[in-house]
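Listed below are the residues making up each chain.
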Amino acid sequence: MRFFRLLLTVGSFTTVSAALAPAFAQSSAAGFTPDKKVVKALEHVRPADFKAHIQYLADDKLLGRLPGTPGYQMAVDYVSQQLKAFGVQPAGENGTYVQKVRLRRAFVKPETTLSLRDAQGQTLPLAAGKEYGVYPNPETASQRVEAPLVFAGYGISAPELGYDDYAGLDVKGKIVVVIGGAPRPFPSTVSAASQSAVAVLQNALHHGATGVVMAATKPTAGMPNLKRGAYSVLGADGKVAASRSYVPGAQLKLFGNVNAATLHTLLRAAGTDTSQVFAALRGGKPASVALRHTVSAAVESRYEDFDSYNVVGKLTGSDAKLRDEYVVHSAHLDHLGVSTPVQGDSIYNGAHDNASGVASVLEIARVYSRLKKMPARSMLFVLQTGEELGLLGSAYFAAQPTVPKQSIVANVNTDMPTIIAPLLSVVPLGAQHSTLDEPVNRAAAYLNLTVEADPEPEQNRFIRSDQYSFVTQGIPALHIKYGNKTADGKNDLAKTVQAWRALTYHKPQDDINGTFDFEAGKKYVQLNFLIGYQVAQNPQRPTWKPGDFFGGRYGAK
């Protein structure tokens with residue numbers, strides 16, 4: 001083909017001139033040929049090295065790597081030492097490999113109360129833990145609020161998609177009652193992002209509300225278990241810098257839950273009922289209404305503060321200008337610690353979740369250590385704390401990185417790649433929203449991997465892992481997951497994973513003695529490396545797709 005004879009070599013990758021870039025983005029795998037030195041470095045990725053990282057990080061002596069514990073510190077020390085051994089420079093605070101993350105664990109004290117009063121002044125008592133639940137306030141230890149209630153459907157405003165639960169609704173100084181979910185026509189990633197607690201809280205406060213109450217829709221649904229507390233990150237000023245249950249800088253006076261029966265009572269008193277409301281919402285039509293009840297709440301909170309750490313290393317790029325920009329490879333380092341015993345084991349080792357993701361990032365760094373010349377842009381390797389506590393370490397790093405935030409061009413995250421079978425196809429969660437889909441497609445084709453749509457969109461994985469923290473800061477990001485393709489042609493890997501997950505996910509059984517395919521781990525390393533390397537070599541930064549929901553929401557940050 002004449003087109004491919006026009007290829008020219010730039011840096012350590014065969015790429016195309018700027019004039020031919022659009023054609024190249026649509027070309028087949030034959031148009032993407034890594035430099036021989038890169039190929040050689042990739043060939044040296046060893047499944048045994050991948051396994052060795054998991055064996056250490058998931059060992060019982062680390063006691064599940066819970067942030068704030070000696071076991072987590074052992075993990076921090078291990079990955080810092082590994083990065084140093086690979087020639088990765090410290091890029092944390094004060095010339096170290098770490099960024100301190102001050103975590104606050106907040107609890108609701110027994111003195112907390114919540115009650116409803118109807119239009120006739122009659123009080124409706126509610127039973128704590130059964131009919132209502134209240135999140136602790138991480139900034140104000142003693143908070144009082146009395147305000148009218150307003151039902152705001154899903155609590156979503158998406159005018160770009162022709163939907164707004166707040167249209168014509170006055171919620172200023174009031175508390176909004178919302179249910180979980182999103183209109184059916186929403187794309188899966190947009191649906192997941194729109195119904196996240198953080199998005200619902202931010203939207204309510206943007207419209208002037210003073211609090212949010214999430215209502216259950218199923219009679220059998222219980223209240224969230226907050227006995228272990230709710231976590232936030234504190235900034236240097238002692239204020240909340242990141243949280244999944246509080247909006248930093250806002251006067252959020254109440255965030256709570258009520259059961260389905262209470263929601264039915266509220267809607268019936270307002271002249272409607274749950275069947276009408278749910279039918280309208282499912283059909284994509286807002287069903288917001290002013291309620292006739294007032295809520296009174298007294299929220300008493302107590303705190304436990306402690307330090308944890310993100311680990312950050314860098315390799316400086318080779319281009320005099322582009323070296324001031326960064327591509328981030330990330331994975332979360334923490335897991336669940338020691339908890340409820342299952343089959344006699346109480347250590348939640350987190351071998352797949354996420355020692356395997358950390359192993360991938362470390363081995364990507366090792367690939368770079370074998371190259372004589374770095375790519376044009378610099379590389380950051382970030383191992384984050386507090387993912388299991390609500391994406392907290394990544395939220396803090398993405399908002400307050402140890403390099404200038406505007407210099408971060410992309411994030412390639414790895415969270416529980418689920419290496420239990422040969423890797424034949426992949427799902428690049430989030431790549432479809434930006435030009436990151438181009439390097440993904442080229443790298444996958446080069447490695448003979450099929451790129452597929454998410455086989456389990458209902459899992460909402462795009463917003464459930466650390467790449468989403470970068471997205472909300474306007475940084476294009478993705479997370480590579482397994483596809484459905486299998487060697488026997490049945491192409492039902494998701495079914496196998498679901499069965500495996502039921503026995504293993506977030507259980508002590510996720511240890512090194514479980515099911516692993518370390519050759520699949522090797523291929524994850526090669527794929528993620530090639531994606532990041534292409535981004536680092538491309539003179540153009542990744543950009544959001546025209547009209548993209550996330551680019552429109554966050555791209556201007």
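In this text the structure is predicted, and so the values were computed from the model without any measurement. (Residues numbered from 1 in each chain as written. Predicted model: local features only at pLDDT ≥ 70, side-chain atom pairs only at ≥ 80, totals over all residues. Heavy atoms only, no water.)

A. Main features of the pairing of strand 15 (residues 254–258). Judged by how many residues are buried, strand 15 sits mostly within the fold: 5 of 5 residues are covered. Residues of strand 15 alternate between two faces, with Leu 254, Gly 256 and Val 258 on one and Phe 255 and Asn 257 on the opposite face, all of them buried. Across 3 bridges, the pairing between strand 7 (residues 132–134) and strand 15 is antiparallel. Bridging across to strand 15, Gly 133 finds its partner in Asn 257. (Buried < 20%, exposed > 50% of the residue type's maximum accessible area, 1.4 Å probe, protein only. Helix = DSSP H or I, 4+ residues; strand = E, 2+ residues; numbered from the N terminus. Pairing = 2+ DSSP bridges.)

B. Just the nonpolar core, in detail. By size, the foremost hydrophobic cluster in this structure holds 73 residues, and its most contacted members are Ile 54, Leu 333, Tyr 368, Phe 381 and Phe 529. Ala 91, Ala 158, Ala 215 and Phe 397 belong to the second largest nonpolar core, which has 57 residues in total. (Core = buried A, V, L, I, M, F, W, Y, C linked by side-chain atoms within 4.5 Å.)

C. Spatial organisation of the pairing of strand 8 (residues 142–151). Across 9 bridges, the pairing between strand 8 and strand 16 (residues 289–315) is antiparallel. Its bridge partner lying in strand 16, Arg 144 is registered against Ala 298. Relative to strand 11 (residues 175–179), strand 8 runs parallel, the two sharing 3 bridges. Paired with Leu 149 across the bridge in strand 11 is Ile 175.

D. View of the packing of helix 10 (residues 351–369) against helix 15 (residues 518–537). For the pair helix 10 and helix 15, interaxial distance at closest approach is 9 Å and the crossing angle is 60°. Of the possible angle classes, the one that applies to helix 10 and helix 15 is oblique. Handedness of the crossing formed by helix 10 with helix 15: right-handed. Contact with helix 10, carried on its side by Ser 360, Glu 363, Ile 364, Val 367 and Tyr 368, involves Tyr 524, Val 525, Asn 528, Phe 529, Gly 532 and Tyr 533 of helix 15 and no other residues of that element. Residue classes in the contact of helix 10 with helix 15 are distributed as 7 nonpolar, 3 polar and 1 charged. (Axes fitted to C-alpha atoms, helices over the stretch in contact; angles between N-to-C directions. Parallel < 35°, antiparallel > 145°, perpendicular 65-115°, else oblique. Left-handed = near helix turned anticlockwise from the far one by under 90°. Contact = heavy atoms within 4.5 Å. Nonpolar A, V, L, I, M, F, W, Y, C, P; charged D, E, K, R; others polar.)

E. View of the pattern of salt bridges. Per the stated rule, a full pass over the model turns up 14 salt bridges. The closest approach of N and O atoms between Arg 144 and Glu 300, which form a salt bridge, is 2.6 Å. Highlighted residues: Arg 144 in strand 8 and Glu 300 in strand 16, separated in sequence by 156 residues. With a shortest N-O distance of 2.9 Å, Glu 363 and Arg 366 are connected by a salt bridge. Here the residue Glu 363 and the residue Arg 366 both occupy positions in helix 10, the gap between them amounting to 3 residues, near one helical turn. Judged by its relative accessible area of 17%, Arg 366 is buried. (Salt bridge = Lys/Arg side-chain N within 4 Å of Asp/Glu carboxyl O.)

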